[in-house]
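This is what each chain is made of:
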Amino acid sequence: MNIRAQVSSVFHLDKCIGCHTCSIACKNLWTDRKGVEYMWWNNVETKPGTGYPTQWENQEKYRGGWEKKGDRLQLRLGGRGGLLGNIFHNPRLPTMDDYYEPFTYRYGELTSAPAGNDQPTARPVSMISGRPMKIEAGPNWDDDLSGSGIYAANDPGVLQLSREQRAQMFAVERLVMLYLPRICNHCLNAACLAGCPSGAIYKRGEDGIVLINQDKCRGWRMCVSACPYKKTYYGWATGKSEKCVLCYPRLEVGEAPACFHSCVGRIRYLGVLLYDADRIEAAAMQDDKDLVAAQRQIILDPFDPQVLAAAGKAGIAEQVLEAAQRSPVYLFVKKWQIALPLHPEFRTLPMLFYVPPLLPVVSEEHLGTQRLVDDYFTTLENARLPLQYLAGLFTGGNTEEIKAVYRKLMAVRIQRRRITVGDLSESEVAKARELGEVSAEQIEAIFRMTALTSIRQRIVVPPMLREQAIEAGMDPERHKQEMGFGSRRSPKRRW
Amino acid sequence: MKNGWLRQVSLLLICYLWFCFPPSACAADLVDGDPQRGKALFAGTTSFAQGGAPCLACHGIAGRGMGMAGGASFGPDLTSIFDDYGAEGIVGTLDDLTFPSMEPIYATRPLTAEEQADVGAFLAKTAEEAQLPTVSRMTGHVAIGLAVISALLVVFGRGRLQGVRRPLVLGVRTGKGGRR
Ligand code: SF4
Ligand code: SF4
């Protein structure tokens, strides 16, 4: 057993209201600079939809993630020789247009226009060239338009459904959508890291955050192609690639990452998971349908004395283990098993998990309003959002796995409805619990964690113990006085 | 226009005549020189008596394939130096190498009279016999090189991602791709 700690997260999709506050918080903090205008380390996309960059899930085009080659895993981008051969000419990069050309408006012209008969207008201009431009796309161009004929219809997940399923999905009375907020998943088997020819990307030993060393990055952009989630971006002004840093400077002082902190829907949970690093490769080698279960298996129980002893030996501090025991992520992912990784079939073992949304699946239209269907038990088979679509998103196509999650979520609904509305019989509730394989207490716990938590329960930042790390080299007090931020060189082209 | 054309032809003719009957002459005291020994001195297989550096250290002779790879490129190429300087010029120069970059070396390590004669004879022979790569041959090489590079670019660039969003939108609008 080789135990490591990973700061991971859960996004509860039923709670996301699609307000994009998270994206803006992130942009203001990290990507409000020249050369990174188009980057959204946090973006929220509407599903069905092609996302950002366009059709990022289509690995036939972008060649991100891993594939099985015999009994080995290989980057879909190619082997070492292939990477080297393409090093000056990486053929699998999204174009600026696939993200979108960032734009602003000439607001000054609204106030400086001379008096006249026409309303002054602010023309849109490109933030890259400064020239007037026609706005054709944005990072969530089709926001809320789940039925659109271009972007929703060409969602790679939709394209793999049968013709009937598609017709059903896009029937006007049944149109439905969900929001999918995405950040870097800080994967266990990160493809970005494996693709980097300069060895500039590393996964921090103490918390598993994946970072790009700005001094070592040479701008080859292999990580941009290799990451199947398209969550590393090339900054054209510095000539370096950048990605979500999970706000590690905030974590190190005990604060939640900015997107977590600002989330209006309070959908975001954060906590430490313990996992067995020796089993990463075996887990990533499973068949598509077994990937979720395999990933769940290498996550370890922080209450198991054996695990705790091994973790202590591996050098994980007691305070971190304590934080792992309070981790809401552990509850969602391992104990309740209602949170799933996004696209496990990319085989990077992403460590951001999603509770799939219940409402778009089991709601119906009734006299012009949306409400929950009366018959919970049979709706899964002809769910409003086809289960295959959700299985394509969260379980590598395994519909049984996603059904199990929905049965649990529905049991929570039914039991709570009996308590708050009182129109269901106890036998119905018992049947729901039996189907969902959850106990009444678990349901209560899920409900409380979903709806009635404080930020300290949702976001359990482990102590990062910077002082201890510094102590090894010098007196922490002296370090504070003398080192400032340490020696830093601004990221820019140096070759 | 017509005149221009004529002028070009006459210029070409003059060039051709120069090429066939180069205005070179062998100086009297170069006659005693041995071009074979001159060549050895030039290339450094025989050292200069006074210890001066061999010519090839800085100068190439493209016409004889010496120092062609760009190694000997500090000084100018000497293939046709004899034609430019003439016998007298060569004799004078070899006797007294007063170029700013050569003087520090050869002022204290001059070439002996015999060496001067040998090297001079070698240069004279070189100018006579050497074949400079002709322009047409070079053009051919350049063309072949370009063709090979473009072919490689085409081969490697074929699978390159050409953008996703725009083709998708165009495809849907024209009914040629995408769905719906
Ligand atoms: S999601 Fe993050 S850690 Fe995973 S491959 Fe992409 S950039 Fe790397
Ligand atoms: S801030 Fe929260 S609720 Fe709003 S879009 Fe982001 S994840 Fe969803």
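For clarity, every value in this text was computed on a predicted model and none was experimentally measured. (Residues numbered from 1 in each chain as written. Chains lettered and ligands numbered in written order. Predicted model: local features only at pLDDT ≥ 70, side-chain atom pairs only at ≥ 80, totals over all residues. Heavy atoms only, no water.)

(A) Spatial organisation of the overall build of chain B. Looking only at helices and strands, one finds seven helices and zero strands in chain B. Secondary structure elements of chain B occur, N-terminal to C-terminal, as α-α-α-α-α-α-α. In chain B, buried positions account for 28% of the 180 residues. Once local pairs closer than 6 in sequence are excluded, the contacts in chain B between residues at least 24 apart make up 59%. Surface exposure of chain B reaches about 12,100 Å², of which carbon and sulfur atoms provide 63%. (Helix = DSSP H or I, 4+ residues; strand = E, 2+ residues; numbered from the N terminus. Buried < 20%, exposed > 50% of the residue type's maximum accessible area, 1.4 Å probe, protein only. Contact = heavy atoms within 4.5 Å. Areas by Shrake-Rupley, 256 points an atom, 1.4 Å probe, with all protein chains shown as cover.)

(B) Just the confidence of the model for chain B, in detail. Residue and element names in this part refer to chain B. Per-residue pLDDT for chain B has a mean of 79; in total, 77% of the residues score no lower than 70. Scored below 50 in pLDDT, residues 23-28 shows seven contacts in the model against residues more than four places distant or in partner chains. Predicted complex, confidence summary: ipTM 0.83, pTM 0.79. (pLDDT = per-residue confidence, 0-100.)

(C) Expanded view of the domain arrangement of chain B. According to the domain assignment, chain B contains domain 1 (27-130) and domain 2 (135-180). Distance between the C-alpha centres of domain 1 of chain B and domain 2 of chain B: 51 Å. (Domains from an automatic or database assignment.)

(D) Summary view of the packing of aromatic side chains. Residue and element names in this part refer to chain A. Under the definition given, this model contains 19 aromatic pairs over all chains. On the basis of an interplanar angle of 65 degrees and a centroid distance of 4.8 Å, the ring pair of tyrosine 269 and phenylalanine 332 is categorised as edge-to-face. Of this pair, tyrosine 269 sits in strand β12 (residues 268-276) while phenylalanine 332 sits in helix α16 (residues 328-335), placing them 63 residues apart in sequence. A single burial state applies to tyrosine 269 and to phenylalanine 332, both of which are buried. In textbook terms, an aromatic cluster arises when at least three aromatic residues are bridged by ring pairs, as seen for Tyr38, Tyr52, Tyr99, Tyr100, Phe103, Tyr105, Tyr107 and Tyr233. Lying over the aromatic face of tryptophan 40, lysine 27 brings its terminal NZ or CZ to 4.8 Å of the ring centre. Above the face of the phenylalanine 260 ring, arginine 268 is positioned so that its terminal group lies 5.6 Å from the ring centre. (Phe/Tyr/Trp six-rings, centres within 6.5 Å; stacked < 30°, edge-to-face > 60°. Lys NZ or Arg CZ within 6 Å of the ring centre and 35° of its normal.)

(E) Layout of the nonpolar core. Counting 125 residues, the largest nonpolar core has Val10, Phe260, Phe332, Phe353, Leu390, Phe394 and Tyr406 of chain A as the members making the most contacts within it. When residues in this core are grouped by element, the largest group, eight residues, is from helix α20 (residues 399-420) of chain A. Residues contacting phenylalanine 353 of chain A, with those up to four places away along its chain left out, are Ser9, Val10, Phe11, Leu273, Gln295, Ile299, Val329, Val333, Ala339, Leu340 and Pro341 of chain A. In this structure, Leu78, Ala87, Leu123 and Ala127 of chain B belong to the second largest nonpolar core, which totals 22 residues. (Core = buried A, V, L, I, M, F, W, Y, C linked by side-chain atoms within 4.5 Å.)

(F) Representation of the packing of α20 of chain A against helix α22 (residues 440-451) of chain A within the structure. Residue and element names in this part refer to chain A. One can describe the packing of α20 onto α22 by two numbers: an axis separation of 10 Å at closest approach and a directional angle of 90 degrees. Viewed along their axes, α20 and α22 adopt a mutual orientation that is roughly perpendicular. In this structure, α20 contributes Ala411, Val412, Gln415, Arg416 and Ile419 to the contact, and α22 contributes Ala440, Ile443, Glu444, Ile446 and Phe447. Considering only residue class, the contact of α20 with α22 consists of seven nonpolar, one polar and two charged. (Axes fitted to C-alpha atoms, helices over the stretch in contact; angles between N-to-C directions. Parallel < 35°, antiparallel > 145°, perpendicular 65-115°, else oblique. Nonpolar A, V, L, I, M, F, W, Y, C, P; charged D, E, K, R; others polar.)

(G) Looking closely at the sheet that holds β12 of chain A. Residue and element names in this part refer to chain A. Read across the sheet, five strands follow the order β13-β12-β1-β15-β14 without closing on themselves; strand pairing throughout is mixed. The sheet is open, and its two edges are formed by β13 (299-300) and β14 (340-341), each paired on a single side. Pairing between strand β1 (residues 3-12) and β12: nine bridges, direction antiparallel. Following the sheet pairing, valine 10 is matched in β12 by tyrosine 269. (Pairing = 2+ DSSP bridges.)

(H) Quick peek at α20 of chain A. Residues and elements named next belong to chain A. Between its first and last C-alpha, α20 extends 31 Å over 22 residues, near the 32 Å set by a 1.5 Å rise per residue. Capping the start of α20, asparagine 398 holds a side-chain oxygen 3.0 Å from the backbone nitrogen of glutamate 400, two or three residues further along. The positive-phi residue at the C-terminal boundary of α20 is glycine 422, with phi of around 80 degrees. (Expected span 1.5 Å × (residues − 1). Polar contact = N/O pair within 3.5 Å; in protein donor to acceptor, adjacent residues only side chain to side chain.)

(I) Local environment of the interface of chain B and chain A. With 17 residues of chain B at the contact, the number on the chain A side is 25 residues. Here chain B and chain A share three salt bridges between them. Linking chain B with chain A are eight residue pairs in polar contact (both at pLDDT 80 or more). Where the side of chain B that touches chain A is concerned, the elements lending two or more residues are α6 (135-157) and α7 (165-174) of chain B. Broken down by element, the side of chain B that touches chain A gets its largest block of residues, six residues, from α7 of chain B. A breakdown of the residues in the side of chain B that touches chain A according to their chemical character gives six nonpolar, five polar and six charged. (Salt bridge = Lys/Arg side-chain N within 4 Å of Asp/Glu carboxyl O.)

(J) Geometry of the state of the cysteines. Within this structure, the stated rule accounts for zero disulfides over all chains. Counting only cysteine sulfurs, cysteine 223 of chain A is the nearest neighbor of cysteine 196 of chain A, a cysteine outside any disulfide, at a range of 6.4 Å. (Disulfide = S-S within 2.5 Å.)

(K) Molecular detail of α22 of chain A. Residue and element names in this part refer to chain A. Look at α22: 16 Å from first C-alpha to last across 12 residues, which is about the 16 Å you get at 1.5 Å a residue. Of all the positions in α22, only Ile443, Ile446, Phe447, Met449 and Thr450 are classed as buried. In this fold, the buried residues of α22 make contact with β1, β12, α16, α20, α21 (426-436) and α23 (455-458).

(L) Structural detail: a nonpolar patch on the surface. Residue and element names in this part refer to chain B. A cluster of nonpolar residues, Ile144, Val148, Leu152, Val155 and Phe156, forms a patch on the protein surface that exposes about 480 Å² of accessible area. Following the sequence through the fold, isoleucine 144 ends up in helix α6. According to the relative accessible area criterion, isoleucine 144 is exposed, its value standing at 55%. (Patch = residues over 30% accessible without salt bridge, like charges linked within 9 Å, V, L, I, M, F, W, Y side chains within 5 Å.)

(M) Region of interest: the packing of helix α2 (residues 35-43) of chain B against helix α5 (residues 113-129) of chain B. Residues and elements named next belong to chain B. Following both chains from N to C, one finds α2 and α5 inclined at 100 degrees, their axes separated by 7 Å at the closest point. Taken together, α2 and α5 sit at an angle that is classed as roughly perpendicular. Along the contact surface, α2 presents Pro35, Arg37, Gly38, Lys39, Leu41 and Phe42, while α5 presents Glu114, Glu115, Asp118, Val119, Ala121, Phe122, Leu123 and Lys125. Among the residues making up the contact of α2 with α5, the classes are represented as seven nonpolar, one polar and six charged.

(N) Here's a closer look at the site of ligand 2. Among the 14 residues in the neighbourhood of ligand 2, the closest are listed as Cys16, Cys19, His20, Cys22 and Cys263 of chain A. Among the residues forming the shell around ligand 2, the class breakdown is nine nonpolar, four polar and one charged. (Near = heavy atom within 4 Å.)

(O) The pairing of strand β10 (residues 232-235) of chain A, seen in detail. All names here are of chain A. What you see with β10 is no split at all: Thr232 and Tyr234 on one side and Tyr233 and Gly235 on the other are buried throughout. Bridge count between β10 and strand β11 (residues 240-243): four bridges; the pairing is antiparallel. Opposite tyrosine 234, over in β11, you have serine 241 as the bridge partner. Between β10 and the antiparallel strand that follows it, β11, lie four residues; glycine 239 among them carries a positive phi value of about 70 degrees.

(P) How the structure looks around the pattern of salt bridges. Residue and element names in this part refer to chain A. A complete count under the given rule lists 29 salt bridges over all chains for this structure. A salt bridge links glutamate 57 to lysine 47, with the nearest nitrogen and oxygen atoms 2.6 Å apart. Here lysine 47 lies in strand β2 (residues 43-47) and glutamate 57 lies in the loop between β2 and α2 (59-62), a separation of 10 residues in the sequence. You can call glutamate 57 buried: its relative accessible area is 8%.

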